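# Results of the structural survey
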Amino acid sequence: MNNLHLVPLVFIVILVGLLVLATLVARRQEIVLRVPARLESVRLLTDLVTDLARRARLGEEAVFHCQLAMDEACTNIIKHAYANDPSGEIEMVLRIGNGECEIQLVDFGEPYDPERVPPPQKASSIEDARPGGLGLYLIRNVMDEVRYIPGPEGNRLVMVKRRTPGK
Amino acid sequence: MKITVREMKRADLLEVEGRVDSSTVSELDEALNERIDQGTVNLVVDLSKVDYMSSAGLRALVSALKRVKNDGGDLRLCAPSERVREVLELAGLDSIFEIYEDQVTAVGSF
């Protein structure tokens, strides 16, 4: 039996499949990475989120905010959750697409209650300027959603940034 | 990160270039403390070529500002980029630093 007439149909089905796949990939990209909890890793993760957020056309302001949040959150994990112990690890789940960037950072160190970290007071003089707790304060200010879920299988910080049109 | 120090008549000028974050901030800390240890109390930090600064950089600047203020001097900033200025403002630290548009005005303010 001659099935030659089916060739264009198969070709079209494959083409449509590839287009659907490409669209899905373009809409939502997920990257999971586990890195040592060291300062050298922070640059790797901030560069990655900057590059992907820029490719997803999140807007330059939102890209900068994702970069800053990633930097501050990783630095907090290294300094506070692991107390600079270089054997610790950070697991990052990065989901980008549909005008949104979701960063999840999981650490396996000491949990903390972000609600108990007081925001730094607006400094009116040099005596008032106490830069402690600044990292978390900046994260809360630049991201649209921030959630912290401590647990026996790791402490998960979830940060979401949405596209800022025209910025 | 690259830091160039220029000794001027009224103040020492530190031109900072690149990223100031937790992995590079020790260089800025060292440069600032070295000037202060040598007796300089008036400092200008040019941030025009700093494309990124995290809270680590802010801590270094505040710490140096406190030291020079104790000795009767000041640390003034010049030409921060839009992003660096945003971080200063978000942290509420823009009011404790005198910020100038360029080097000449910043150094001349002493």
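Right above here is the structure, for reference.
Presented here is an overview of the structure given in this document. (Residues numbered from 1 in each chain as written. Chains lettered and ligands numbered in written order. Predicted model: local features only at pLDDT ≥ 70, side-chain atom pairs only at ≥ 80, totals over all residues. Heavy atoms only, no water.)

## A word on a nonpolar patch on the surface
Residues A:Leu6, A:Leu9, A:Val10 and A:Ile14 make up a contiguous nonpolar surface patch of about 350 Å² in total accessible area. Residue position: A:Val10 is located in helix α1 (residues 7–27). (Patch = residues over 30% accessible without salt bridge, like charges linked within 9 Å, V, L, I, M, F, W, Y side chains within 5 Å. Areas by Shrake-Rupley, 256 points an atom, 1.4 Å probe, with all protein chains shown as cover. Salt bridge = Lys/Arg side-chain N within 4 Å of Asp/Glu carboxyl O. Helix = DSSP H or I, 4+ residues; strand = E, 2+ residues; numbered from the N terminus.)

## Regarding the packing of aromatic side chains
Counted according to the given criterion, the structure contains one aromatic pair over all chains. Their ring planes at 75° and their centres at 6.2 Å tell us that A:Phe64 and B:Tyr52 sit as a pair that is edge-to-face. Taken together, the residues span two chains, with A:Phe64 in helix α3 (residues 60–81) and B:Tyr52 in strand β3 (residues 42–53). With respect to class, A:Phe64 is no different from B:Tyr52; both count as buried. (Phe/Tyr/Trp six-rings, centres within 6.5 Å; stacked < 30°, edge-to-face > 60°. Buried < 20%, exposed > 50% of the residue type's maximum accessible area, 1.4 Å probe, protein only.)

## Thoughts on the pattern of salt bridges
Side-chain pairs of opposite charge can arise where the charged atoms are in close proximity. Under the defined criterion, the tally for this structure stands at 20 salt bridges over all chains. The closest approach of N and O atoms between A:Glu100 and A:Arg162, which form a salt bridge, is 3.5 Å. Of this pair, A:Glu100 sits in strand β3 (residues 100–107) while A:Arg162 sits in strand β5 (residues 155–162), placing them 62 residues apart in sequence. Assessed through its relative accessible area of 33%, A:Arg162 is described here as partly exposed. Its salt-bridge partner being B:Arg19, residue B:Asp21 comes within 3.1 Å of it at the nearest N-O pair. B:Arg19 shares its class with B:Asp21; the two are buried.

## Overview of the pairing of strand β2 (residues 12–20) of chain B
Residue and element names in this part refer to chain B. Counting buried positions over the nine residues of β2 gives eight, a clear majority of the element. Hairpin connection from strand β1 (residues 2–7) to β2: four residues lie between these consecutive antiparallel strands. Sheet topology places β2 next to β3; eight bridges connect them, and they run parallel. Counted as the bridge partner of Arg-19 is Tyr-52 from β3. For the handedness criterion, the β-α-β arrangement of β2, helix α1 (residues 25–37) and β3 is classed as right-handed. (Pairing = 2+ DSSP bridges. Right-handed = clockwise from strand over helix to strand, strands pointing away.)

## Looking at the nonpolar core
Counting residues in hydrophobic clusters, the biggest one holds 68 residues, and the most contacted among them are A:Ile103, A:Leu105, B:Leu75 and B:Phe97. In terms of residues, this core owes the most to one element, α3(A), which gives twelve residues. Apart from the residues lying within four places of it in its own chain, the contact partners of A:Ile103 are A:Val49, A:Cys66, A:Met70, A:Val93, A:Leu94, A:Met143, A:Leu157, A:Val158 and A:Met159. Judged by nonpolar contacts, the second largest core, of seven residues, contains B:Ala11, B:Val44, B:Tyr100 and B:Val107. (Core = buried A, V, L, I, M, F, W, Y, C linked by side-chain atoms within 4.5 Å. Contact = heavy atoms within 4.5 Å.)

## Section: the pairing of strand β4 (residues 74–78) of chain B
All names here are of chain B. For β4, the tally of buried residues reaches five of five residues, placing the bulk of the element in the interior. Side-chain alternation along β4 places Asp-74, Arg-76 and Cys-78 on one buried face and Leu-75 and Leu-77 on a second face that is also buried. Pairing of β3 with β4, which is carried by five bridges, proceeds in the parallel orientation. The partner of Val-44 across the bridge, within β4, is Arg-76. Note that the unit made of β3, helix α2 (residues 55–70) and β4 has a crossover that is right-handed. Summarising the sheet, β4 and strand β5 (residues 99–100) pair through two bridges and their orientation is parallel.

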